Structure formats: structure tokens, C-alpha cells
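Chain residues, written in single-letter form:
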Amino acid sequence: MSHLLILPLVLPLLAGTLLLLTRRWLSLDVRRAMNLTATLAQVALAILVLIQVDSGEILVYALGNWPAPYGIVLVGDRLAAWMLLVTSALSSFALLYAIQGTDRGSRHFHPLFQLQLFGLNGAFLTGDLFNLFVFFEVLLLASYGLLLHRGGAERTRAGLHFVALNLVGSTLFLFAAGTLYGTLGTLNLADMAVKVAETPTENLGLVRVGGLLLFGVFALKAAVAPLHLWLPATYAATSAPVAALFAIMTKVGVYCLLRIGTLVFGTDAGPVAGLYADWLLPLALATLILATLGTLAATGLRRQIGYLVLVSVGLLLTALALGSPDATAAGLYYLAHTTFATAAFFLLADLIANGRGSHADRLTPGPVIPAAGLIGGLFFVVALLVAGLPPLSGFVGKLLVLRATLETPIWPGLMAIILISSLLGIIALARSGSLLFLRAEGECSTEPSARPSASRIAPIMGLMGLCLALTIWADPILRFVTETAEQLLRPGYYIQAVLAPDAGRAPS
Amino acid sequence: MEILMSVIIGVLTTIGVYLTLRARTFPLVMGLTLMSYAVNLFLFATGRLSIGQPAIITDTASGYTDPLPQALVLTAIVISFAMTAFVIMLSLKAHAELGTDQVDGHRDEENVA
């Protein structure tokens, strides 16, 4: 048994602990270097895992060598590796931005950052429902700390709402896990997938209740309508690198919906097959519509980006709800693109707010921003990315989703909603851009702190570079996500890899 | 015993939901705590209720009780304990920064539910 799969968990846990223990007597520069090294090492680990699973092999790591379904297993398939890579790449750039000064003020920023990654990696790798709950709590507790970093009234208020909502969500998760354990008698996801197909008729109602409770919890994390109201305020209130890192947080919910929806309630689930798919499409479209209206109504740039995150969640879930291999592949491609693009946008919004003095990120004509040409150019490119205009990855992602909708009989309606939402998004972004840059009046601030430094622009460029890479290498990436989708939609491989690891490797 | 358990879980959840929907931080914390009590009892009951049965294998035992829910409850208790401590600290911080214990920071008494 290779120990590769446990390393993405051990590394951030150890790094986080070390950073916590040394927070008082190591200088900030040393701790920054340690955190950055650990984060970059996770990129390398994610690439290693990705290379291993690219052949179609599903890596299974039995913790403590207890065989499934009795012990807890970590499962590395293509989807988990893809999520690991997206998370680690995103967090590297968020951290690069954070060490420009955001991490001052509290010694706990760096330990919390690593523990956040620990929770995220764990949620993507675990093959056990209760373990998923535990990793959710780890990542949430770290995210509470990061969200409230450096305090302030607005941040505390948003934080209180976020914490209370997520605590209720955790309680629901436990109710769901309890219900499913009480009826299926297992918490191992692969074993649940086997048991759920054999559910006796009198227990079907309970399994449905448990499954849909879980759906509600994941929908809350993914900010699906009508559980989306917390997101714009929270993301607008927190610091820029944390908001950028949180771009992956909604994707954890999306990942869980996809994982549980395809594995436990997938095509082989007998009487409860497609339990999530029926709910997902209408809710995803509702999210798309409400979030688009939100982008038009927003009065602050960061709140507007919060709504753009919701738009991307809506589009992403629309693609995943269609359930065909092409649609799922399009969703997975779009997932990576939108994570990087919205993160870059949050960082850029911080630079813009910084240059506008007391106007901050409010969408009102304010003073001219220092280095307005460069910042405006970046804004234009990021807006292209987020709105999904050619020639960048946003366009590729959106085109793939649109092409995938053609397979369904209701494609005219779907296309209309997606295209109108895109158009309204473009209008909202054009309005913001012209308010911030073209209608700026008055003297440009001469304070040196208002000028964007090259080291702050570099992480934004880096995230845009990732989007560019998604565009340039679209062909191999598409091949990978298509294979990922095919692996996901045939849960038999996953189940066999976990429950009968010696029965020979499944071909792909 | 099943009916008693169901009633207790139901009552705790009801009070918890009611208190959580109040717009002040103290009832909110109490409500979240009561809901976590309810879910702990619920998890405990998922292993089926039995009295006087061992959780580990012995030669003389006539039956067993499921040990897994007990482990789950233990984990859930620890986590909810930490979360309660955190949310109390956060409520105090919110009171200090916002000057009120209303969850939206409203000072106006008329807006308070």
C-alpha cells in the first residue's frame, strides 16, 4: 500500500501544528516561508496523486490498515486529485497575496491557513461519511478564524451569521448521517452505495429523508438558492486573500453533491437512483437567475463578485445536474476556471478599493486610481474571464456547458436562461468598470500605500495565468475531465476499489 | 423507551429551533446547544436502544449493542463542545464591537424580534 494518499493530510496538519507552536518565537518572515513551502509542497503532492490516478487506477488508503468497510478509507480517484490540484494551486496564490501584509495583526493566520487546507484536502479524499463530517468541521473552524482575521464590526457581524448557519448545517449533517447509518448500517460511502440498492421497501422513506437532509447540508455549503443569502455579505466582509481562498469553499459543497449524487444515489442505486438529480436542476437554475439579479443590484464591487461566485455555482450545478459524461466534464472544467477567476477578481477588488481611499469598493464615481491603466487592464481581462467572453477559459467552459445542454429535450429553456444570465452579467460588469475607471474624477491619491505594488499584482497575474493555461492546454485537460466524468458515472469501479481491493484493477 | 427518546429528541429540537430563530446571541447559543444535545441523543439511538448489553464481544454475552454510534456521539460531543466555546467567544466579541447582542447589530429595539 502506497502512503502517497495520506501525505496531503499529514503535511498541512504537521505544518499547521508547527506554525502554531512556533508562532511566538519565529519571525514573521520565517513563518511565511514555512507556510509557503508547505503550500507549494501540496501542489507537488497533488500533481503526484494526479499522475498516479491518471491511468484510471483508484488509490485506496486504509487508515490503520483496517479493511473497508470497518475502517476509514481515503480514496483517491480522478475527481479527488483534480480537486486537490485546484485547491493547492489556488491557495498558493492566495497565500502569496496574504503575505504582502494581510497576515499581520494575528499570529494565528498561518496555522489557520494550513488547517484550512487540511480540512479541504481531507474532505476531498475521505471515503467515509462521518469522516467527511469531521473534515467539514475542521475546515469550517479554520474558516471561521480566517474570516474573522483582523476583526472589525462588519466582519464580526458577517462572521456571526456564517458561524450560526454552519453550526445548524453541521447539526443537520449529523441527523442525516444518523438516519443513513440507522437504515443502511454503514458509513463507508462505497458500502453505502451497495447497501442503498438493496434497501427494503419499508426503509426507502428513511433513506430518502437522510439523503435529502444531506442534500440540504451540501446545498448550504455550495450556496444553492434558497440557501445562498449568507454568501455575498460574508465574502464582501472578509479580507481579500481569505475571500480568494473561500472561492474553493462553495466548491466543497458542489464536490460533495457530485460525489454523493453519483456514488450513493447514482445510476446503480435502484429505487433511490437519481435522488439528487431531480432537485438539482431547478435549484441550480433558480440560483443562476437570483444571483444574476444580485450582480445587477449590488452596490459594492466585492458584493458583486460574491454574486458572481453564486452565478458560477448556478452554472456549475446546471451542468452537473444534466448528468451526462459531457455535461459533467464541462462542469469540472468550469469549476477550475471559475475558482481561479473569481479568486483573482477578489484580489483585484482589494487593489481597487485600496486605491480609492474612502470610496473603497462602493460602485460610485470616485477618485482616479493610481496606476489606473494597469489595474483597469487587469479588470478588463478578469471581467472577460468571469463573464465568459472569448478568447479565454471562461468562454471555453461556458461553451462546453451550452453544448452539453443540447442533449436534453429542454435545451432551449436552459440555453435561454444561461445566455440571458451571461448578458446581464456582462452589463453588470461593464457598469462597474465604467463607474470605477471611466467616470473617475478628482485627484489621484499620492499616498504611497495607495499604489499597487508589483508583489500584489503578481498573484493576480498568476491566477490569470492559470486560466490562460486552462485555455492553452484545454485539449489534454478536457481529455482528463472527460475521463473523470466517465469514472464518476460508473460508480462500480470506486466500489470495487474500496471493498474488493484485491479483485484486480478495474480498467478505465 | 423508544417513545420517551423520540419525545425528548423532538422537544429538544423544537426548543433549539425556536431559540435559534431568536435574534439575540444568547438565545442563539442556547438554541444551537440544545440542537446539538438533540442530535447526540438521535445518533445514540441509531444503534437501536437496548439496556444492559455489552458493546464488546465476550463469550457469555447474550446480545450486543452497536458500539459505533457511541464512538460517533463522542466525536460529535467533542466537536459541538469546541464549537459552543467558539460561538460564545464570538458572541462576546460581537457584543463588544457592535455594542448590542442583536445578531444583525441593530440597536433599535423595535427591530428586534
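All figures in this text were calculated on a predicted structure; none of them were measured in a lab. Counting restarts for each chain: residues are numbered from 1 in the order of the written sequence. Each chain takes a letter, starting from A, and each ligand takes a number, starting from 1, following the order in which they are written. Thresholds applied to this predicted model are a pLDDT of at least 70 for local features of residues and 80 or more for the giving and counting of side-chain atom pairs; totals over whole chains, interfaces and linings are not thresholded and use all residues. Calculated side-chain values reflect all of the structure's heavy atoms, with hydrogen atoms and water omitted.

Novice: Which residues make up the pattern of salt bridges, and what values go with them?
Specialist: Whenever a carboxyl oxygen of Asp or Glu lies within 4 Å of a side-chain nitrogen of Lys or Arg, that contact is scored as a salt bridge. Counted under the stated rule, the structure contains twelve salt bridges over all chains. Between Arg479(A) and Glu483(A) there is a salt bridge, and its shortest N-O distance comes to 2.9 Å. Residue Arg479(A) and its partner Glu483(A) are both found in helix H19 (residues 474-489); the two are separated by four residues, about one turn of the helix. With a 1.4 Å probe rolled over the protein chains alone, any residue whose accessible area is under 20% of its type maximum counts as buried; one over 50% counts as exposed, and the rest are partly exposed. Residue Arg479(A) is classed as partly exposed on the basis of its relative accessible area, which comes to 40%. Close ionic contact of Glu97(B) with Lys93(B) constitutes a salt bridge, the shortest N to O distance being 3.4 Å. Every helix listed is a DSSP run of H or I at least four residues long, and every strand listed is a run of E at least two residues long, numbered separately from the N terminus.

Novice: Help me get a handle on the pairing of strand S2 (residues 73-76) of chain A, residues and values and all.
Specialist: The side chains of a regular strand alternate, residue by residue, between the two faces of the sheet. Residue and element names in this part refer to chain A. Side-chain alternation along S2 places Val-73 and Val-75 on one buried face and Leu-74 and Gly-76 on a second face that is also buried. Two elements, strand S1 (residues 59-62) and S2, share four bridges in a ladder whose sense is antiparallel. Bridging from a neighbouring strand, Leu-59 pairs with Gly-76 of S2. DSSP-based pairing: two strands are paired if at least 2 bridges between them are found.

Novice: A description of the interface of chain B and chain A should follow, citing residues and the corresponding values.
Specialist: Residue contacts follow a heavy-atom distance rule, with two residues in contact if any of their heavy atoms lie within 4.5 Å. Contacts between chain B and chain A engage 31 residues on the former and 27 residues on the latter. Where chain B abuts chain A, roughly 2600 Å² becomes buried across the two surfaces, and 81% of that area is made up of carbon and sulfur atoms. Counting across the interface, chain B meets chain A through zero salt bridges. Contacts described as polar in this section are N or O atom pairs within 3.5 Å, which, within protein, must combine one atom able to donate a hydrogen with one able to accept it, while residues neighboring in sequence count only if both atoms come from side chains. Here chain B is connected to chain A by eight residue pairs in polar contact (both at pLDDT 80 or more). If you list the elements that add at least two residues to the side of chain B that touches chain A, you get helix H1 (2-20), helix H2 (25-45) and helix H3 (68-98) of chain B. Ranked by residues supplied to the side of chain B that touches chain A, first place goes to H3(B) with 15 residues. When residues are grouped by polarity, Ala, Val, Leu, Ile, Met, Phe, Trp, Tyr, Cys and Pro land in nonpolar, Asp, Glu, Lys and Arg in charged, and all others, Gly among them, in polar. Its residues assigned to classes, the side of chain B that touches chain A shows 19 nonpolar, seven polar and five charged. Here's the idea: put two parts together, see how much 1.4 Å probe accessible area each one loses, and the total over both is what we call buried area.

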